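Listed here are the chains, written in short residue letters.
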Amino acid sequence: VQLVETGGGLVQPGGSLRLSCAASKSFESIVAMGWYRQVLGNQRELVARFATAGTTNYADSLKLRFTISRDDAKNTVYLHMNRLKPEDTVVYYCFAEEESPYTGVLNVYWGQGTQVTVPS
């Protein structure tokens, strides 16, 4: 699965951004998609994840401001970020979990990352 992210950039505090992640294949074999973020030198932290079976998870600290959504027709997942703060200045990575129909092994794929910058 190839993932292409768009939508990062510079936004003023309190503003909004929408990140997009387009997958190279349909969601039929994908069991989950979502977003992590990573400050340089730190571990990646989960932002939001939805399972195609229907469950959605958010980081507790972000769930009031961030929303994940999907467009199955476009094989695309979105991250809607509102009331952005300087501490949201990180690189955001899209991911997809695909289960092999032959082995049952779960493979994880990553996008290239997109930078979001909120100046202080």
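Let us look at the structure shown here. Note that the structure is predicted; figures quoted are calculated from it, not measured. (Residues numbered from 1 in each chain as written. Predicted model: local features only at pLDDT ≥ 70, side-chain atom pairs only at ≥ 80, totals over all residues. Heavy atoms only, no water.)

## Notes on the overall build of the protein chain
Check the secondary structure of the protein chain and you find 0 helices and 11 strands. For the protein chain, the sequential pattern of α-helices and β-strands runs β-β-β-β-β-β-β-β-β-β-β. Scored against the burial criterion, the 120 residues of the protein chain give a buried share of 40%. Sequence-distant contacts, at least 24 apart, represent 54% of the contacts inside the protein chain between residues at least 6 apart. With an accessible surface of roughly 6500 Å², the protein chain has 50% of that area assigned to carbon and sulfur atoms. Separation between the mean location of the 11 positive side-chain charges and that of the 11 negative ones in the protein chain comes to 6 Å. (Helix = DSSP H or I, 4+ residues; strand = E, 2+ residues; numbered from the N terminus. Buried < 20%, exposed > 50% of the residue type's maximum accessible area, 1.4 Å probe, protein only. Contact = heavy atoms within 4.5 Å. Areas by Shrake-Rupley, 256 points an atom, 1.4 Å probe, with all protein chains shown as cover. Lys, Arg positive; Asp, Glu negative; His and termini not counted. Charge placed at Lys NZ, Arg CZ, Asp CG, Glu CD.)

## A look at the side chain of Thr114
With respect to the secondary-structure elements, Thr114 resides in strand β11 (residues 114-117). Of note is the side chain of Thr114, whose polar atom sits 3.3 Å from the backbone nitrogen of Gly8. What Thr114 contacts, discounting residues up to four positions off in sequence, is Glu5, Gly8, Leu19, Val90, Val91 and Tyr92. (Polar contact = N/O pair within 3.5 Å; in protein donor to acceptor, adjacent residues only side chain to side chain.)

## Side note on the nonpolar core
Formed by 28 residues in total, the largest nonpolar core has its most connected members in Met33, Trp35, Leu79, Met81 and Tyr92. Put simply, the parts of the chain that give this core at least two residues each are β3 (17-23), β4 (30-38), β5 (45-51), β7 (66-71), β8 (76-81) and β9 (90-99). Excluding anything up to four places from it in sequence, Met33 contacts Leu3, Cys21, Ala23, Phe27, Ala48, Arg49, Phe50, Ile68, Val77, Cys94, Phe95 and Ala96. (Core = buried A, V, L, I, M, F, W, Y, C linked by side-chain atoms within 4.5 Å.)

## What about the pairing of strand β1 (residues 3-6)?
Along β1, the buried face is formed by Leu3 and Glu5; none of Val4 and Thr6, which line the opposite face, is buried. Pairing of β1 with β3 involves 4 bridges; the strand directions are antiparallel. Within the sheet, the bridge partner assigned to Val4 lies in β3 and is Ala22. (Pairing = 2+ DSSP bridges.)

## Regarding the environment of Ser24
Position of Ser24 relative to the elements: it lies in the loop between β3 and β4. Put simply, Ser24 and Thr76 are 52 residues apart on the chain and 9.2 Å apart in space, counted from C-alpha to C-alpha. Setting aside anything within four residues of it in sequence, one finds Ser24 in contact with Val1 and Gln2. Engagement of the side chain of Ser24 in a polar contact is seen with the backbone nitrogen of Gln2, the distance being 2.8 Å.

## Examining the sheet that holds β1
Within the open sheet, the 4 strands sit side by side as β1-β3-β8-β7. Their pairing is antiparallel. In this open sheet, the two strands that pair with only one neighbour each are β1 and β7. Across the sheet, the mean angle separating the axes of adjacent strands is 20° when strand polarity is ignored. (Axes fitted to C-alpha atoms, helices over the stretch in contact; angles between N-to-C directions.)

## Considerations on the environment of Arg44
Relative to the helices and strands, Arg44 resides in the loop between β4 and β5. On the basis of relative accessible area, Arg44 is assigned to the partly exposed category, the value being 29%. Apart from residues lying up to four places away in sequence, Arg44 is in contact with Tyr36, Arg37, Gln38, Tyr93 and Trp110. Polar side-chain contacts of Arg44 include one of 3.1 Å to the side chain of Gln38.

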